[in-house]
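Take a look at the letters that make up each chain.
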Amino acid sequence: MSYEPSVIEAKWQKRWQDARIFEVSQDLAELKKKPKYYVLDMFPYPSGAGLHVGHPEGYTATDVIARLKRAQGYNVMHPMGWDAFGLPAERAAMRDNIHPAVITKRNIDTFRGQIQRLGFSYDWSREFSTTDADYYRWTQWIFLKLYEKGLAYLAEVPVNWCPALCTVLANEEVKDGKYVETGDWVEQRVMRQWMLQITAYAERLLEDLEGLDWPEGVKEMQRNWIGKSVGSEIEFEIEGSDQKLRVYTTRPDTLLGVTFCVVACEHALNQGKPYSFAKGSMQGAFTGYYAIHPLTLERLPIWTADYVLAHYGTGAIMAVPATDERDAAFAKEHQLPAREYDLLPKEQWPGVRKTQYKLRDWLFSRQRYWGEPVPVIHLEDGTLMPIPEDQLPVKLPDIDAYKPTHAGEPPLARASDDWLLVQLPDGRIGRRETNTMPQWGGSCWYYLRYLDPKNSNQLCASEWEQYWMPVDLYVGGVEHAVLHLLYARFWHKVLFDCGVVSTKEPFQKLFNQGMILAHSYQDEAGKYYYPEEVEQQGMDWLVKASGKPVKTQIEKMSKSRYNVVNPDDVIAKYGADSMRLYELFMGPLDQVKPWQTRGVEGVHRFLHRVWRLAEKELTDLPGSSDPALWKLYHKTLKLVEEHTLELRFNTAISHMMIFVNEATALARIPKEIFLGFVKMLAPYAPHLCEELWERLGQTSFVSIADWPVFRLDLAQDEEVVVVVQINGKRRADLKVCKGLAKEDLQAQALELVKHWMGELSPSRVIVVPDRVVNIVLNLTEK
Ligand code: ANZ
């Protein structure tokens, strides 16, 4: 029989599922006999477009690790679920007039099917969606804890309002005045919103980064986002006023160089004066006030300008144009003086030392339907009442229109009075909060729920939390560096303070997979061509077909560029094992790299060769094979294990390819070696390996077999002692690998005896491999 992935893959996926081999034991005493390993993917948002080949890159990596760790005797937690609240389902609902819950379920079914066809060893019994009421009940519960601790509060705040979407957005979601997801413009408005006081955790969020095994770039992004700065607040008298001007500076030593002060447009000093300047410009105006220098008593004009931010420090600065570039530019623009000065010694610095953070509190409400309702009631007297814990979840009501009003009233305000109005036991009437939580809420704690997904009394029982946490390896995209990863750390620390979790940090090791790009082909007329077709037919064909010059680019996959690759198509043609292998063989996991379907063919051929290897004579006779094969086998085993655990999958695969090439050249191979190789390859190509395992008469599953035993003595190269002579006289002994090439042996020997030779150079060197190196020196040269 030939290798037919479609037949064997369906067969083994069903067998794994029926035997439930990837489900983790629920017996704690049993679990405690072995070490644990928690390996987690950033769970996907199940979009309507389905999976593309970028998703399974990280999932394949974690699956290989999960399978290897299981083989090495760990209890492995490897779950999957859905981050399913959010705007796209709501927009699709508006467009198609279908409830977001229906759309979400449909998308989840598609995603699950696609993911399952890749043969990942998830414990599916733990699956959930953030949109399940049993789940978001606990998201709401955490909100109540935040509220109890004073960390959730309502405030009139300037917010990022997106007119196109009619909703507010978090600072982290806005870049250059646009919503990062859709590119829609965002404007500033003042609205009453829920805020989470993440700033109260700024120092801990910063400090605890140190102990984490995360990419340095991600840590640095978090440090910059938190933006700690240590400086001073200095108070200036204002001429003819009781008010004082407080400035924040990181350079109190420059006080003698101050020639003017600048306040933000929104500063209290400007009350009633609606200053506004072009963003990022050096425009400004004199406020009419003068500050008095605390040491020299000089009059310093107070200006207002856009480059001073209202919400950083005190919203006011002392300007030192001789040293600070922006102050210098502003001074030049407005003909303000600059002055050389002496640095002020530390003993003379006025005012108090002050630590500032750039981090702002987290805007936590959204005018959206498809999110967790905020579990709070507004009473008539204006007070707030949190929903009692035992009345959670506050379920999302059905409504008939999902769009918020332009005044910013959330869609839930349209719910019927049954839902909206609540009568308290004392007869008072309250109105439910109609804002919902942002999508980031549900993803802040999902890694805990996997550990105890069905618990209806607690979000996670502490015995499970204590056994499994922290997550040992977390894999996902770098785009979450300051959003999800900062929010989740914040909630985790709050849960730590509530005694719900026992670790300070949720994710011990983080790895970011690089994005998978694709080739795109577009002709001068703007027409795109399918990359697959171009790859098959060749560039000449393309030029002819188009009749115009064609531009080839490597870009992000997107529908509009016709370059999205669907894993289903790849699996249909080559099988899931080839797909898995190619995802990891393309290049280092953290690198950005282009997909090339042609590349799948290479790994597919490799799997065919493995299949044919099993058809060779597999012998049990000892000594029936080349000892070199044993050595190669053990060396390969060591390298595959090491490289895999270091997430260097591409090189692990190439070592297996080398092994298969060598083994293919032999007439027969020991069965023991072949079975060991099947175990080695199983984490990467599990379906093929299960099939071979069975055909070779093994019972149970290779997926849960022990990792092969490595024998150092068999892997090591045999050593020999070579005598090094000078003019026939023994001068040294050299230990080298048996069979070392002549040139290498000569080079090592010369190095070893160079102090014997002094200035002289050999006139001749005689090398007998594995035996002797004789260096002939011409002694008359001296
Ligand atoms: C005088 C000075 C002299 C300053 C000098 C810098 C260099 P970080 O490190 O980011 O905290 N600053 C203070 N508040 C500001 C605001 N609301 N908007 C814009 N700029 C503000 O930077 C702190 C420095 O940025 C402060 O120190 C202040 O300028 C400015 F040679 O004061 B400095």
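Residues numbered from 1 in each chain as written. Predicted model: local features only at pLDDT ≥ 70, side-chain atom pairs only at ≥ 80, totals over all residues. Heavy atoms only, no water.

### Some remarks on the overall build of the chain
On a plain count of helices and strands, the chain comes out with 26 helices and 31 strands. Burial statistics for the chain: of 782 residues in total, 53% are counted as buried. Nonlocal contacts in the chain, meaning residues at least 24 apart in sequence, comprise 73% of its contacts between residues at least 6 apart. Carbon and sulfur atoms form 50% of the exposed surface of the chain, whose accessible area is close to 35900 Å². Computing the positive centroid from 91 side-chain charges and the negative centroid from 105, the chain places the two 4 Å apart. (Helix = DSSP H or I, 4+ residues; strand = E, 2+ residues; numbered from the N terminus. Buried < 20%, exposed > 50% of the residue type's maximum accessible area, 1.4 Å probe, protein only. Contact = heavy atoms within 4.5 Å. Areas by Shrake-Rupley, 256 points an atom, 1.4 Å probe, with all protein chains shown as cover. Lys, Arg positive; Asp, Glu negative; His and termini not counted. Charge placed at Lys NZ, Arg CZ, Asp CG, Glu CD.)

### What about the sheet that holds strand β20 (residues 473-476)?
If you trace the four strands from one edge of the open sheet to the other, you get β2-β1-β20-β21, paired in parallel fashion. At either margin of the open sheet sits one strand with a lone partner, and together these are β2 (75-77) and β21 (510-512). Between one strand and the next, the sheet's axes are offset by a mean angle of 20 degrees, whatever the strand orientation. Of the pairings in the sheet, the one linking strand β1 (residues 36-41) to β2 comprises three bridges and is parallel in character. By the bridge assignment, Y38 is partnered in β2 with M77. Of the strands in this sheet, β1, β2 and β20 touch helix α3 (residues 55-71), which is tilted by about 170 degrees from β1. (Pairing = 2+ DSSP bridges. Axes fitted to C-alpha atoms, helices over the stretch in contact; angles between N-to-C directions.)

### Considerations on the sheet that holds strand β30 (residues 762-768)
Reading across the sheet, the four strands line up as β29-β28-β31-β30 and stay open at both edges, with mixed pairing between neighbours. Two strands close off the open sheet at either side, each with one partner strand: β29 (729-737) and β30. Mean inter-strand twist for the sheet, computed between neighbouring axes without regard to direction, equals 20 degrees. As judged from the six bridges shared by β30 and strand β31 (residues 772-777), these two strands associate in the antiparallel manner. Following the sheet pairing, I766 is matched in β31 by N774. Sitting on the sheet, helix α25 (residues 742-752) is in contact with β28 (719-726), β29, β30 and β31, with an inclination near 130 degrees to β29.

### Points about the pattern of salt bridges
Per the stated rule, a full pass over the model turns up 46 salt bridges. Where E30 meets K33, a salt bridge forms, and the shortest distance between an N and an O atom there is 3.2 Å. Judged by its relative accessible area of 65%, K33 falls in the exposed class. In this structure, K244 and E237 form a salt bridge, with 4.0 Å as the shortest nitrogen-oxygen distance. Relative accessible area serves as the criterion here: at 41%, K244 is assigned to the partly exposed category. Residue classification places E237 among the partly exposed residues on the basis of a relative accessible area of 44%. One salt-bridge network, in which partners are shared between bridges, spans K11, R15, E691, E694 and R695. (Salt bridge = Lys/Arg side-chain N within 4 Å of Asp/Glu carboxyl O.)

### Quick look at the side chain of D361
Its place among the elements puts D361 in the loop between β14 (352-356) and β15 (362-363). One buried charged residue, D361, forms no salt bridge at all, with the nearest opposite charge on R360 at 7.0 Å. A distance of 2.6 Å separates a polar atom in the side chain of D361 from a polar atom in the side chain of Y153. Within the structure, the side chain of D361 is placed 2.6 Å from the side chain of T199, a separation counted as a polar contact. Residues contacting D361, with those up to four places away along its chain left out, are Y153, M195, L196, Q197, I198 and T199. (Polar contact = N/O pair within 3.5 Å; in protein donor to acceptor, adjacent residues only side chain to side chain.)

### Side note on unusual backbone geometry
Negative phi is the rule for most residues except glycine; trans is the rule for most peptide bonds. Of the consecutive residues L392 and P393, the connecting peptide bond is found in the cis state with omega at 0 degrees. Checked against the element boundaries, P393 lands in the loop between β17 (384-386) and α10 (417-420). For the bond from M469 to P470, the omega torsion is -5 degrees, close enough to zero to count as cis. The residue P470 is located in the loop between α13 (462-468) and β20 in this model. Not every positive phi belongs to a glycine, and N727 is a case in point at roughly 50 degrees. Positionally, N727 belongs in the loop between β28 and β29.

### Looking at the nonpolar core
Ranked by size, the top nonpolar core spans 180 residues in total, and within it W362, W595 and L681 carry the most contacts. In this structure, L681 is in contact with F606, L607, V610, M656, L688 and C689, ignoring residues within four places of it in sequence. Core analysis: the second largest hydrophobic core is formed by 18 residues, V247, L269, A291 and L344 among them. (Core = buried A, V, L, I, M, F, W, Y, C linked by side-chain atoms within 4.5 Å.)

### Comments concerning the site of the ligand
Around the ligand, a shell composed of 17 residues is seen, among which S229, T249, L309, Y312 and K358 lie nearest. In the model, an oxygen atom of the ligand is placed 2.5 Å from a nitrogen or oxygen of the Y312 side chain. In isolation the ligand exposes 650 Å². Once the protein is present, 85% of that is buried. Tallied by class, the residues present in the shell around the ligand amount to eight nonpolar, five polar and four charged. (Near = heavy atom within 4 Å. Nonpolar A, V, L, I, M, F, W, Y, C, P; charged D, E, K, R; others polar.)

### A word on the packing of aromatic side chains
Taken as a whole and assessed by the stated rule, the structure comprises 46 aromatic pairs. Plain terms: the ring middles of Y135 and W445 are 4.4 Å apart, the flat faces sit at 5 degrees to each other, and that makes the pair stacked. Here Y135, found in helix α6 (residues 133-148), pairs with W445, found in the loop between α11 (439-442) and α12 (446-449); they are 310 residues apart in sequence, far enough to count as distant. According to the relative accessible area criterion, Y135 is buried, its value standing at 1%. Their ring planes at 85 degrees and their centres at 4.9 Å tell us that Y467 and W468 sit as a pair that is edge-to-face. Of the two residues, Y467 and W468, neither departs from the other in class, the shared state being buried. (Phe/Tyr/Trp six-rings, centres within 6.5 Å; stacked < 30°, edge-to-face > 60°.)

### Thoughts on the packing of helix α22 (residues 671-681) against helix α23 (residues 686-695)
Where α22 contacts α23, the axes come no closer than 9 Å and their chain directions differ by 155 degrees. Considering their axes alone, α22 and α23 lie roughly antiparallel with respect to each other. The interaxial crossing formed by α22 with α23 has left-handed handedness. Across from F674, L675, V678, K679 and L681 in α22, the residues of α23 making contact are L688, C689, L692 and W693. Partitioning the contact of α22 with α23 into residue classes produces eight nonpolar, no polar and one charged. (Parallel < 35°, antiparallel > 145°, perpendicular 65-115°, else oblique. Left-handed = near helix turned anticlockwise from the far one by under 90°.)

### Some remarks on the side chain of E57
You can see E57 is positioned in helix α3. Within the structure, E57 has its side chain in polar contact with the side chain of K593 (distance 2.7 Å). Here E57 is in contact with Q513, G514, I516, E583, L584, L589 and K593, once residues within four sequence places are set aside.

### Here's the deal with the state of the cysteines
One pass over the structure, following the stated rule, counts zero disulfides. With no disulfide of its own, C444 lies 14 Å from the sulfur of C498, the closest cysteine sulfur. (Disulfide = S-S within 2.5 Å.)

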